[in-house]
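# Working through the structure, step by step
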Amino acid sequence: MKKLIVLALIGLVAQLIDGSLGMAYGLTSTSLLLAFGIAPAVASASVHFAEVVTTAASGVSHIRFGNVDKKIIYRLIIPGSIGAFAGACFLSSLPGDIVKPYVSFFLLFLGFYILYRFLFKKNNKVTEHEKAFSRKQLIPLGLVAGFLDATGGGGWGPVATPVLLAKNGTSTRKVIGSVDTSEFAVALSATIGFLISLGWHQVNWMWVIALMAGGLIAAPIAAYLVKIIPSHILGVVVGGLIIFTNARTILQTVGVSGTSLQSVYTILGVLWVAGIVYSLRKNKKTSNLSLSKRTG
């Protein structure tokens, strides 16, 4: 019972982060499931089964609050679905013990990327006239992001959201809402791929339901908070969490244990806290400068 409550809380927190940042539901949930010792394919399958429901709720909420660009959604859905289905079949064909360190390494890399994204990259300025993305830009993005999402248990948001935000004149709010809304089709395609490759019996449905329950509660809240939650803080927190949880698998694979393992955890923890403090100070200075310009 305690484990189900923990999983529900994981689903709730992950969906709050995902709905506010346009990324990290799969990464956060899969990282924590891997830390529980669950095989990569089963962990990714469980997360995607839960995401079929949570992303549907999130998409409806984002549409309701006007956080979507329909052109982006339509152009991402098909390539994203194809990539996710292929990634699910690929992951399911590999032995869990062999692939687990590689999946953790991939998640670790994305964790560092998220930290870099929210600590050091400047926010993009949004102009009044938003520029549309072409099919040539969105089709390869959807294929790659969908494939990485299924193989890593997460990756749709961390790949798609930063790429879309990198284009000047694109509304952050609509990028996050569009990526979250289109993720329903990606999660559904990955789920079908896992069902064909793994079968129903490999999935612990109580875990899936627990993840769903937490995500369903958080989805409408996250969509509403997109405009007011400080994304720079959430980005640093989730990036650090992903690094922290996946570092254990990688370190144990290379033979690090005991005191050395604890030392690495301590260093990572200190750097994580330092990143949060740095983000707070950096954005406080930015806010003060903006306020001075308006009043000066």
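Residues numbered from 1 in each chain as written. Predicted model: local features only at pLDDT ≥ 70, side-chain atom pairs only at ≥ 80, totals over all residues. Heavy atoms only, no water.

## As for the overall build of the chain
The secondary structure content of the chain amounts to 11 helices and 0 strands. Mapped in sequence order, the helices and strands of the chain form the string α-α-α-α-α-α-α-α-α-α-α. By residue count, 51% of the 296 residues in the chain fall in the buried class. Contacts in the chain between residues far apart in sequence, at least 24 positions, make up 87% of those at least 6 positions apart. (Helix = DSSP H or I, 4+ residues; strand = E, 2+ residues; numbered from the N terminus. Buried < 20%, exposed > 50% of the residue type's maximum accessible area, 1.4 Å probe, protein only. Contact = heavy atoms within 4.5 Å.)

## Thoughts on the packing of helix α4 (residues 70-92) against helix α6 (residues 135-152)
Running from N to C, α4 and α6 point in directions that differ by 35°, and their axes come no closer than 6 Å. Here α4 runs over α6; the crossing is right-handed. Here the contact of α4 with α6 is composed, by residue class, of 15 nonpolar, 6 polar and 2 charged. (Axes fitted to C-alpha atoms, helices over the stretch in contact; angles between N-to-C directions. Left-handed = near helix turned anticlockwise from the far one by under 90°. Nonpolar A, V, L, I, M, F, W, Y, C, P; charged D, E, K, R; others polar.)

## A few points about a nonpolar patch on the surface
On the surface, Ile-78, Ile-82, Ile-139, Leu-143 and Val-144 cluster together to form a nonpolar patch covering roughly 440 Å² of accessible area. Mapped onto the nonpolar patch, the elements with two or more residues apiece are α4 and α6. For the nonpolar patch, the element with the highest residue contribution is α6, accounting for 3 residues. Looking at the secondary structure, you find Val-144 in helix α6. Judged by its relative accessible area of 44%, Val-144 is partly exposed. (Patch = residues over 30% accessible without salt bridge, like charges linked within 9 Å, V, L, I, M, F, W, Y side chains within 5 Å. Areas by Shrake-Rupley, 256 points an atom, 1.4 Å probe, with all protein chains shown as cover. Salt bridge = Lys/Arg side-chain N within 4 Å of Asp/Glu carboxyl O.)

## Considering the side chain of Ser-189
You can see Ser-189 is positioned in helix α8 (residues 172-198). Residue Ser-189 is classed as buried on the basis of its relative accessible area, which comes to 14%. Residues in contact with Ser-189, not counting those within four places in the same chain, are Ser-81, Ala-84 and Phe-85.

## Some points on the nonpolar core
Leu-33, Leu-76, Leu-164 and Phe-194 are the most contacted members of the largest nonpolar core, which has 61 residues in total. For Phe-194, the contacting residues outside a window of four places in its chain are Ala-41, Ser-44, Ala-45, His-48, Ala-88, Leu-91, Ser-92, Ala-150 and Gly-199. (Core = buried A, V, L, I, M, F, W, Y, C linked by side-chain atoms within 4.5 Å.)

## Some details on helix α2 (residues 25-35)
Burial runs high along α2: 10 of the 11 residues are buried. Listed in full, the buried residues belonging to α2 are Tyr-25, Gly-26, Leu-27, Thr-28, Ser-29, Thr-30, Ser-31, Leu-32, Leu-33 and Leu-34. Downstream of α2 by one or two residues, Gly-37 has phi in the positive range, about 95°.

## Structural notes on the packing of α2 against helix α3 (residues 40-64)
The geometry of α2 relative to α3 is characterised by a closest axis approach of 9 Å and an angle of 140° between their N-to-C directions. Accordingly, the angle class assigned to the pair α2 and α3 is oblique. When you trace α2 past α3, the crossing you get is right-handed. Note on element contacts: α3 touches α2 through Pro-40, Ala-43, Ser-46, Val-47, Ala-50, Glu-51 and Thr-54, opposite Tyr-25, Gly-26, Ser-29, Thr-30, Leu-33 and Leu-34. (Parallel < 35°, antiparallel > 145°, perpendicular 65-115°, else oblique.)

## Here we look at the packing of aromatic side chains
Applying the stated rule across the entire model yields 3 aromatic pairs. Centroid distance Phe-49 to Trp-205: 5.0 Å. Interplanar angle 25°. Geometry classified as stacked. Here Trp-205 lies in helix α9 (residues 205-225) and Phe-49 lies in helix α3, a separation of 156 residues in the sequence. Plain terms: the ring middles of Phe-90 and Phe-147 are 5.8 Å apart, the flat faces sit at 40° to each other, and that makes the pair tilted. (Phe/Tyr/Trp six-rings, centres within 6.5 Å; stacked < 30°, edge-to-face > 60°.)

## Re the environment of Ser-189
C-alpha of Ser-189 to C-alpha of Gly-83: the two residues are 106 residues apart in sequence and 8.6 Å apart in space. Here Ala-185 takes part through its backbone oxygen, which lies 3.0 Å from a polar atom of the side chain of Ser-189. (Polar contact = N/O pair within 3.5 Å; in protein donor to acceptor, adjacent residues only side chain to side chain.)

## Some details on the environment of Gly-111
Structurally, Gly-111 can be placed in helix α5 (residues 96-119). For Gly-111 and Thr-28, which are 83 residues apart along the polypeptide, the C-alpha to C-alpha distance reads 9.6 Å. Among residues more than four places away in sequence, those in contact with Gly-111 are Gly-239, Ile-242 and Ile-243.

## Things to note about the confidence of the model for the chain
Summary statistics for the chain give a mean pLDDT of 77 and a share of 82% for residues scoring 70 or more. With pLDDT under 50 throughout, residues 124-130 is counted as low confidence; its partners more than four residues away or in other chains account for 14 contacts. (pLDDT = per-residue confidence, 0-100.)

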